[in-house]
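One-letter residues, chain by chain:
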Number of protein chains: 2
Amino acid sequence: MKEIKLKNLQKRLVYSFENQNLLLQALTHRSAAKAHNERLEFLGDAVLGLIVAEILYAKFPAQPEGKLTRMRASLVNRSTLADIARELSLGELLSLGSGEKKSGGHRRDSILSDTVEAILGAIYLDAGLTATQKTVNALFNSRVDKLDPSVQIKDSKTQLQEHLQSRQIPLPTYDVINISGKDHAQTFEVSCSIASLDITANGIGQSRRIAEQQAAKQVLEMVLS
Amino acid sequence: MKEIKLKNLQKRLVYSFENQNLLLQALTHRSAAKAHNERLEFLGDAVLGLIVAEILYAKFPAQPEGKLTRMRASLVNRSTLADIARELSLGELLSLGSGEKKSGGHRRDSILSDTVEAILGAIYLDAGLTATQKTVNALFNSRVDKLDPSVQIKDSKTQLQEHLQSRQIPLPTYDVINISGKDHAQTFEVSCSIASLDITANGIGQSRRIAEQQAAKQVLEMVLS
């Protein structure tokens, strides 16, 4: 069963590991075993950073460095990487210690996003840059296509945060309320709450990030009105 | 004369450019011309990050991710890169606008370190990863050899405190702004402020300690820049 899932994962990664142990290590959280994925994550984070930098450099020849940096941050961040992990159904393949398992570690953004980076680090070690570029292209393609450098820089979450900070109001909390659909067609519902103002609004989107932005936008409107 | 200097530079880089215009662009500050080096710097920063990550990953197989991250930060930072720029005599090859020239831009750490990154980005564009690895090895070899993972690198809070004390500036205050998530998945947001300098930055982390270090790191960068 796990064999089949590992095969399916590698299909989606557009890469089949020479050394399957590297893949298994990439899927192992530090709570589960000594040969865990943290060092691979260190490497993968750097590989991903370069590959996305190069994609943006080539795709947007007229954009200045600051814009490239912000676009990269919008692609490579915890919530996007966790979304990708969910698209890959990584949660069910993760090796976690019993404590992490009980507390829902296989659904946690931080663990999921670190695992994506570890897998990319493992591919890089197994086969080098070109193979890793192929995988990154497969995973990020649709997101890169949606990038629009003309879009206003400050997103709703940032605007909301700055508005609240300037008034010394505690920052909002974001919670995933519901995830529906599967694989490549998931829909996220996220709430944005400011407890001290007794304000809550929900946002819906194809990624957690988008849903959070939607929720933040509505709260911002409520706060400003 | 400049020809000879450019040749000597390429000898020290262990790389001779196919496309000499890329090298010239890497040496051009944004104050001097439209075809300046900022986009190359964006790319070079990412390339350098990966290459040094891989060197450390291979050289220190027993070191955890946190140690690798700190060692990389001790190699790849503004002052080290500026030192390397001086070893390469980059200052005399820089194209600067007249304002920057008058104010000593060719000696400024920020401009020098950005130029080193831009050159690495240019080599990567011109010839790919392997060529850039050779250059990075040549430039960083002696520094990598001196790394000792058993040496405690001072954390950001300590560095910030010592920096401020040496200048008799009152110490920063740390405040928890927000705690989100629950139980095993809490996220802390902490601000670090130096009232007398009117500087504040926030840090986020899975523990208050990590968030404080993050905030301190950012304030340190603001203070040093």
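Residues numbered from 1 in each chain as written. Chains lettered and ligands numbered in written order. Predicted model: local features only at pLDDT ≥ 70, side-chain atom pairs only at ≥ 80, totals over all residues. Heavy atoms only, no water.

- As named in an unreviewed UniProt entry, chain A is Ribonuclease 3, taken from Agaribacter marinus.
- What UniProt records for chain A under Sequence similarities (unreviewed entry) is the sentence "Belongs to the ribonuclease III family."
- Per UniProt, chain A has the following entry under Subcellular location (unreviewed entry): "Cytoplasm". (UniProt positions renumbered as here; feature names shortened; annotations may be inferred.)

Side note on the overall build of chain A
- For chain A, the count of helices and strands is 10 helices and 3 strands.
- Counting from the amino terminus, chain A carries its helices and strands in the arrangement α-α-α-α-α-α-α-α-α-β-β-β-α.
- A compact globule built from 225 residues would reach a C-alpha radius of gyration of about 17 Å, and chain A, at 19 Å, matches this within 12%.
- Once the C-alpha set of chain A is aligned to its principal axes, its extents read approximately 60 × 50 × 30 Å. (Helix = DSSP H or I, 4+ residues; strand = E, 2+ residues; numbered from the N terminus. Rg over C-alpha atoms; globule rule 2.2 N^0.38 Å.)

A word on the UniProt feature "binding site: Mg(2+)" (unreviewed entry) in chain A
All names here are of chain A.
- UniProt marks Glu 41, Asp 114 and Glu 117 with the feature "binding site: Mg(2+)" (unreviewed entry), using the numbering shown here. Their sequence span is 77 residues, while the largest C-alpha to C-alpha distance among them is just 6.0 Å; these annotated residues converge on one region.
- Mapped onto the elements of the fold, Asp 114 is located in helix α7 (residues 109–127).
- Given a relative accessible area of 24%, Asp 114 falls into the partly exposed group.
- Counting through the fold element by element, Glu 117 comes out in helix α7.
- Once you skip the residues sitting within four places of it in the chain, Glu 117 turns out to touch Leu 40, Glu 41, Gly 44, Asp 45 and Leu 81. (Buried < 20%, exposed > 50% of the residue type's maximum accessible area, 1.4 Å probe, protein only. Contact = heavy atoms within 4.5 Å.)

Focus: the interface of chain A and chain B
- Each partner contributes to the interface: chain A provides 36 residues, whereas chain B provides 34 residues.
- Summed over both sides, the interface of chain A with chain B buries roughly 2,900 Å², with 63% coming from carbon and sulfur.
- The largest contributions to the chain A side of the interface with chain B come from A:Arg39, A:Phe42 and A:Tyr57, which together make up 30% of the buried area.
- Our count for the contact surface shared by chain A and chain B stands at 0 salt bridges.
- Across the chain A-chain B interface, the total number found is 8 residue pairs in polar contact (both at pLDDT 80 or more).
- Contributing elements (two or more residues each) for the side of chain A that touches chain B: α3 (38–59), α4 (65–75), α7, α8 (129–146) and α9 (156–166) of chain A.
- Looking at the side of chain A that touches chain B, the element that brings in the most residues is α3(A), giving 13 residues.
- When grouped by side-chain class, the residues that make up the side of chain A that touches chain B number 19 nonpolar, 9 polar and 8 charged. (Buried area = accessible area lost by both parts, 1.4 Å probe. Salt bridge = Lys/Arg side-chain N within 4 Å of Asp/Glu carboxyl O. Polar contact = N/O pair within 3.5 Å; in protein donor to acceptor, adjacent residues only side chain to side chain. Nonpolar A, V, L, I, M, F, W, Y, C, P; charged D, E, K, R; others polar.)

With respect to the pattern of salt bridges
All names here are of chain B.
- Scanning the model with the defined rule gives 17 salt bridges over all chains in all.
- For the salt bridge of Arg 30 with Glu 38, the shortest nitrogen-to-oxygen distance reads 2.5 Å.
- A residue is classified by how much of its surface remains accessible, and Arg 30, at 51% relative accessible area, is exposed.
- By relative accessible area, Glu 38 is classed as buried at 16%.
- Between Asp 109 and Arg 86 there is a salt bridge, and its shortest N-O distance comes to 2.5 Å. Of this pair, Asp 109 sits in helix α7 (residues 109–127) while Arg 86 sits in helix α5 (residues 78–87), placing them 23 residues apart in sequence.
- By relative accessible area, Asp 109 is classed as partly exposed at 28%.

What about the pairing of strand β3 (residues 199–205) of chain A?
Residue and element names in this part refer to chain A.
- Only one face of β3 is covered, namely the face carrying Ile 199, Ala 201, Gly 203 and Gly 205; the face carrying Thr 200, Asn 202 and Ile 204 is uncovered.
- Pairing analysis gives 7 bridges linking strand β2 (residues 187–194) to β3, with the strands arranged antiparallel. When the sheet's bridge partners are listed, Ser 191 is paired in β3 with Asn 202.
- If you look at the hairpin formed by β2 and β3, you'll find 4 residues sitting between the two strands, and Asp 198 has a positive phi there, around 60°. (Pairing = 2+ DSSP bridges.)

Observations concerning α8(A)
All names here are of chain A.
- Here α8 is 18 residues long and its end C-alpha atoms lie 24 Å apart, about the 26 Å a rise of 1.5 Å per residue gives.
- When the local axis directions of α8 are compared, the greatest deviation, roughly 60°, occurs at Phe 140.
- If you check which residues of α8 are buried, you get Leu 129, Ala 131, Thr 132, Gln 133, Thr 135, Val 136, Leu 139, Phe 140, Arg 143 and Val 144. (Expected span 1.5 Å × (residues − 1). Bend = angle between axes of the 7 residues up to and from the residue.)

Some remarks on the environment of A:Pro172
- The topology assignment puts A:Pro172 in the loop between α9 and β1 (173–180).
- Counting along the chain gives 107 residues from A:Pro172 to A:Glu65, while the straight-line C-alpha distance between them is 31 Å.
- Those residues in contact with A:Pro172 that lie beyond four places of it in its chain are A:Leu160, A:Leu164, A:Cys192, A:Ser193, A:Ile194 and B:Asn178.

Some thoughts on unusual backbone geometry
- Look at A:Ser89: it is not a glycine, yet its phi comes out positive at around 55°.
- In this fold, A:Ser89 is placed in the loop between α5 (78–87) and α6 (98–102).

Things to note about the sheet that holds strand β2 (residues 187–194) of chain B
Residues and elements named next belong to chain B.
- The 3 strands lie next to each other as β1-β2-β3, forming an open sheet whose pairing is antiparallel. With one partner strand each, in any of the chains shown, β1 (173–180) and β3 (199–205) form the two edges of the open sheet. Averaged over all pairs of adjacent strands, the angle between strand axes in this sheet comes to 20°, irrespective of strand direction.
- Contacts between helix α10 (residues 208–224) and the sheet are confined to β1, β2 and β3, with β3 contributing the most and set at about 145° to the helix. (Axes fitted to C-alpha atoms, helices over the stretch in contact; angles between N-to-C directions.)

Things to note about the domain arrangement of chain A
Residues and elements named next belong to chain A.
- Taken domain by domain, chain A holds domain 1 (2–146) and domain 2 (156–224).
- For domain 1 and domain 2, the distance between their C-alpha centroids amounts to 25 Å.
- The partner domain 2 presents 8 residues to the 10 residues of domain 1 that form the contact.
- Between domain 1 and domain 2, roughly 780 Å² of surface is buried when both sides are summed, and carbon and sulfur atoms account for 44% of that area.
- Interface area lost by domain 1 to domain 2 is led by Asp 83, Arg 86 and Glu 87, which between them contribute 51%.
- Linking domain 1 with domain 2 are 1 salt bridge, by the criterion used here.
- Here Asp 109 and Arg 208 are joined by a salt bridge, their closest N and O atoms 2.7 Å apart. (Domains from an automatic or database assignment.)

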